[in-house]
Amino acid sequence: KNKSKAPVKVHFIGYTNASDEWVGADRLRSKAIKPKQADEGRKGPPGIPPAARRLLLVKPKVAAPLDPGFRPLVLGKKNYLEAAKDCTEKVEWAHQRPL
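Calculation rules
Residues numbered from 1 in each chain as written. Predicted model: local features only at pLDDT ≥ 70, side-chain atom pairs only at ≥ 80, totals over all residues. Heavy atoms only, no water. Helix = DSSP H or I, 4+ residues; strand = E, 2+ residues; numbered from the N terminus. Buried < 20%, exposed > 50% of the residue type's maximum accessible area, 1.4 Å probe, protein only. Contact = heavy atoms within 4.5 Å. Salt bridge = Lys/Arg side-chain N within 4 Å of Asp/Glu carboxyl O. Lys, Arg positive; Asp, Glu negative; His and termini not counted. Polar contact = N/O pair within 3.5 Å; in protein donor to acceptor, adjacent residues only side chain to side chain. pLDDT = per-residue confidence, 0-100.

**Student:** Looking at this model, I keep getting lost on the overall build of the chain. Mind explaining?
**Tutor:** The helix and strand tally for the chain stands at three helices and two strands. Written out in order from the N terminus, the α and β elements of the chain read α-β-β-α-α. The buried share among the 99 residues of the chain stands at 10%. Taking the intrachain contacts of the chain between residues at least 6 apart in sequence as the baseline, contacts between residues at least 24 apart amount to 11%.

**Student:** What is the right way to read the pattern of salt bridges from this model?
**Tutor:** Enumeration over the complete set of coordinates arrives at one salt bridge. Residue Glu 82 pairs with Lys 85 through a salt bridge whose shortest N-O separation is 3.2 Å.

**Student:** For this particular structure, what's the right way to read the environment of Leu 81?
**Tutor:** Tracing the backbone through its elements, the reader meets Leu 81 in helix H3 (residues 73–83). Along the backbone, Leu 81 and Val 91 are 10 residues apart, and their C-alpha atoms lie at a distance of 9.0 Å.

**Student:** What exactly am I supposed to notice about the side chain of Asp 20 here?
**Tutor:** Along the chain, Asp 20 falls in the loop between strand S1 (8–10) and strand S2 (21–23). Salt bridges are absent for the buried Asp 20, whose nearest opposite-charge side chain, Lys 9, sits at 4.1 Å. Within the structure, Asp 20 has its side chain in polar contact with the side chain of His 11 (distance 2.5 Å). Those residues in contact with Asp 20 that lie beyond four places of it in its chain are Lys 9, Val 10, His 11 and Phe 12.

**Student:** Help me understand the confidence of the model for the chain, please; the structure alone is not making it clear to me.
**Tutor:** In low-pLDDT segments, the atomic positions of the prediction should not be examined closely. Per-residue confidence for the chain gives a mean pLDDT of 79, with 80% of residues at or over 70. The secondary-structure element of the chain with the lowest mean pLDDT is helix H1 (residues 2–5), recorded at 57, while H3 shows the highest, at 89.

Written as structure tokens, this is what we have:
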């Protein structure tokens, strides 16, 4: 159980085995051991599958100067509805507005 989160067992010389400790790569100073990245090489928000990302995160024609990563919901909805025009199932869209 400890080994899954901390892959290296450290024994301190001069101490008993009770002082041994499982440590993760983030606590080691070694160039050979690097911590694993959860979403290495992945772009965009976590949890969105690539197919859904292509449909829902649509870049506007005119980029927002203060937020270059802005992707309007209405463009994603329009793109999704165009791709799913032949589907018989219906999707309800909702957006929570800030207070």
